[in-house]
Amino acid sequence: MTELYIHIPFCKSRCIYCAFYSTTLSHLSGRYVDALGREMDMRHKEADTITSIYIGGGTPSQLSGIELHRLFGYIYNVYEISPDAEITIECNPDDISDDFAAVLSALPVNRVSMGAQTFSDRRLHFINRRHDAAQVASAVSRLRHNGIGNISIDLMYGFPGETVKAWEKDIDRAVALGVEHISAYALTIEEDTPLGKMLDEGKVDETDEELLRDMYYLLTDKLADAGFEHYEISNFALKRHFRSRHNSGYWNGTPYIGIGAAAHSFDGHRTRRWNVGSLTKYLEGMENGTPDYEEERLDNAMVYEDTVMLRLRTCEGINIEYDILEPELRKYCLHHAQKYIADGLLSFDGANLKLTRKGLFVSDMITRELFL
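Residues numbered from 1 in each chain as written. Predicted model: local features only at pLDDT ≥ 70, side-chain atom pairs only at ≥ 80, totals over all residues. Heavy atoms only, no water.

Peer 1: Looking at this model, I keep getting lost on the overall build of the chain. Mind explaining?
Peer 2: Across its full length, the chain carries 15 helices and 15 strands. For a compact globule of 372 residues, the expected C-alpha radius of gyration is about 21 Å, and the chain comes in at 21 Å, within 12% of that figure. Dimensions of the chain, computed from the C-alpha atoms along their principal axes, are close to 55 × 45 × 45 Å. Classification of the 372 residues of the chain by burial places 51% in the buried group. Taking the intrachain contacts of the chain between residues at least 6 apart in sequence as the baseline, contacts between residues at least 24 apart amount to 70%. Total accessible area computed for the chain in this model is approximately 17100 Å², and 49% of it derives from carbon and sulfur atoms. (Helix = DSSP H or I, 4+ residues; strand = E, 2+ residues; numbered from the N terminus. Rg over C-alpha atoms; globule rule 2.2 N^0.38 Å. Buried < 20%, exposed > 50% of the residue type's maximum accessible area, 1.4 Å probe, protein only. Contact = heavy atoms within 4.5 Å. Areas by Shrake-Rupley, 256 points an atom, 1.4 Å probe, with all protein chains shown as cover.)

What follows is the structure, encoded as structure tokens:
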């Protein structure tokens, strides 16, 4: 099994919090799609059967219908795709017109992930999103009309000045949409972003940790009441088969091929690879037949830390015998977990080490303590 990730870096405008690689040079999108096809062809031997495809960004819905059809033509010409593959594309709500929804219905796409972020037009304007709250519901309706039966939306909480009551309204509106999956993340202020600069200049304040905790527990409780399974720290699915299979593969160590500028790959064993984070350099490399990328070989310590960081995020947690193969590292992990088990932040049933409800919110701290 191998997963395929394709990075589409184009954005019409950038959100003030975003630290992912993106560009507004959308006039190069045609060349870029062809370069993606060249990279896939160069790397076709890295996969047998593709079990999931995720087209992320950036803003993949900035590609035209013709470009998307060409992209899928490359994918299906190069790789063997499992008949039941999960095929996800990220979209902005305002890009989902009747025509664009019809384009998606003509493609093998069976899952759409949409960045709603919030249902407050004021907060949307603050973070420089292009859509308004009403467009999220319109987009869901158009996707349903065109046969998309698996829709995920992203939410954010912890905006400067946001209250618990305002966040509760966002959760309620998300649930009312009837989507199958919700991802929710605390707003993170990264360096070298416009929001980071605003923080440095004293124009915004970071949200209080206690308030963030209250918001997180409100999220988990309300989504549980609405029938959602909390299967990963920030992810909730209505039923098990609506979990993001692609993202679950990342957390469980499934091999994946990353195609496109700044895309990452992992062979499922010891090798990570990442493409150059520059559109122009990526295009030059692909068009000249000299791809620009770096890679690293993981040692036992790096594999262990990746395992702890990724598996502990999931509701299944770390299977001590199966996930950590070296006896000394297994012993190390359990030894350092004891104080968190005693404090009720971790649980251990003799096989699986898991975060408890209390531990979910402080997972980063616990993970660091379990590192070497």
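Peer 1: Explain the packing of aromatic side chains here, please?
Peer 2: Any two aromatic rings considered together are summarised by their centre-to-centre distance and by the angle between their planes. Counted by the stated rule, this structure contains 10 aromatic pairs. A ring pair is formed by Tyr-157 and Trp-167, whose centres lie 5.0 Å apart and whose planes are at 35°; its orientation type is tilted. Residue Tyr-157 is located in strand S5 (residues 151–157), and its partner Trp-167 is located in helix H6 (residues 164–176); the two are separated by 10 residues in the primary sequence. Through a chain of ring-to-ring contacts, three or more aromatic side chains come together here, namely Phe-10, Tyr-32 and Tyr-282. Over the aromatic face of Tyr-293 sits the side chain of Arg-273, whose NZ or CZ is 3.5 Å from the ring centroid. (Phe/Tyr/Trp six-rings, centres within 6.5 Å; stacked < 30°, edge-to-face > 60°. Lys NZ or Arg CZ within 6 Å of the ring centre and 35° of its normal.)

Peer 1: Any chance you could explain the environment of Lys-197 here in plain terms?
Peer 2: Along the chain, the position of Lys-197 falls in helix H7 (residues 194–200). Note on Lys-197: relative accessible area 53%, which makes it exposed. Along the backbone, Lys-197 and Glu-67 are 130 residues apart, and their C-alpha atoms lie at a distance of 36 Å.

Peer 1: Mind showing me how you'd approach the nonpolar core here?
Peer 2: Most often, soluble globular proteins keep nonpolar side chains buried together rather than apart. Formed by 90 residues in total, the largest nonpolar core has its most connected members in Ile-6, Leu-71 and Ile-153. Looking at this core, the element that brings in the most residues is helix H8 (residues 209–225), giving 7 residues. Excluding residues within four positions of it along the chain, Ile-6 makes contact with Leu-36, Met-40, Tyr-54, Ile-55, Gly-56, Leu-71, Ile-75 and Ile-259. Membership of the second largest hydrophobic core comes to 10 residues, among which are Ile-16, Tyr-17, Met-156 and Val-204. (Core = buried A, V, L, I, M, F, W, Y, C linked by side-chain atoms within 4.5 Å.)

Peer 1: What am I meant to see in helix H5 (residues 133–145) here?
Peer 2: An α-helix turns once per 3.6 residues; consequently, residues spaced three or four apart project the same way. Of the residues making up H5, those classed as buried are Ala-133, Val-136, Ala-139, Val-140 and Leu-143. Buried positions in H5, seen along its axis, are confined to an arc of 110° and lie on one side of it. Of the residues in H5, the exposed ones pointing more than 90 degrees away from the buried face are Ala-134 and His-145. Of the surrounding secondary structure, the elements contacted by the buried residues of H5 are helix H3 (98–105), strand S4 (111–117), helix H4 (121–126), S5 and H6. (Arc of directions from axis to C-beta.)

Peer 1: Please clarify how the sheet that holds strand S15 (residues 352–355) should be interpreted in this entry.
Peer 2: Remark on secondary structure: sheet strands pair via backbone hydrogen bonds, oriented parallel or antiparallel. Strand order in the open sheet formed by 3 strands is S13-S15-S14, and the pairing between neighbours is antiparallel. The open sheet terminates on both sides in strands that have one partner only, identified here as strand S13 (318–319) and strand S14 (346–348). In this structure, S13 lies alongside S15, joined through 2 bridges in antiparallel fashion. Residue pairing across strands places Ile-318 opposite Leu-353, the latter belonging to S15. Together, S14 and S15 form the strand contacts of helix H13 (residues 327–342), whose direction differs from that of S14 by roughly 120°. (Pairing = 2+ DSSP bridges. Axes fitted to C-alpha atoms, helices over the stretch in contact; angles between N-to-C directions.)

Peer 1: What is the right way to look at the pairing of strand S12 (residues 293–297) in this model?
Peer 2: Sheet faces and side chains relate simply in a regular strand, where the side chains alternate between the two faces. Little of S12 sits out of view: just 0 of its 5 residues are buried. Note that strand S11 (residues 271–275) and S12 share 5 bridges and pair antiparallel. Looking at the pairing, Arg-272 lines up with Glu-296 of S12.

Peer 1: Explanation requested: the side chain of His-246 in the structure shown.
Peer 2: With respect to the helices and strands, His-246 occurs in helix H9 (residues 245–252). The class for His-246 is buried, based on a relative accessible area of 0%. In this structure the side chain of His-246 is engaged in a polar contact, spanning 2.8 Å, whose partner is the side chain of Ser-52. Those residues within four positions of His-246 in sequence are excluded, and the remaining contacts are Glu-3, Leu-4, Tyr-5, Ser-52, Ile-53, Tyr-54 and Glu-86. (Polar contact = N/O pair within 3.5 Å; in protein donor to acceptor, adjacent residues only side chain to side chain.)

Peer 1: Before we go on, may I ask you to explain unusual backbone geometry in this structure?
Peer 2: Excluding glycine, most residues fall at negative phi; most peptide bonds, likewise, are trans. Here Gly-57 and Gly-58 are connected by a cis peptide whose omega angle stands at 20°. Position of Gly-58 among the secondary structure elements: in the loop between strand S2 (49–57) and helix H2 (65–78). In this structure, Gln-117 takes a positive phi of about 70° despite not being glycine. Mapped onto the elements, Gln-117 comes out in strand S4.

Peer 1: Please clarify how the packing of H6 against H8 should be interpreted in this entry.
Peer 2: How two helices sit against one another is set out by the angle between their axes and by the gap between those axes. At their nearest, the axes of H6 and H8 sit 10 Å apart, and the two run at 25° to each other. Considering the angle they form, H6 stands roughly parallel to H8. The handedness of the crossing between H6 and H8 comes out as right-handed. Residues Val-164, Trp-167, Glu-168, Ile-171, Asp-172 and Val-175 of H6 form the contact with H8, whose participating residues are Leu-211, Asp-214, Met-215, Leu-218, Leu-219, Lys-222 and Leu-223. Looking at the contact of H6 with H8 residue by residue, the class counts come to 9 nonpolar, no polar and 4 charged. (Parallel < 35°, antiparallel > 145°, perpendicular 65-115°, else oblique. Left-handed = near helix turned anticlockwise from the far one by under 90°. Nonpolar A, V, L, I, M, F, W, Y, C, P; charged D, E, K, R; others polar.)

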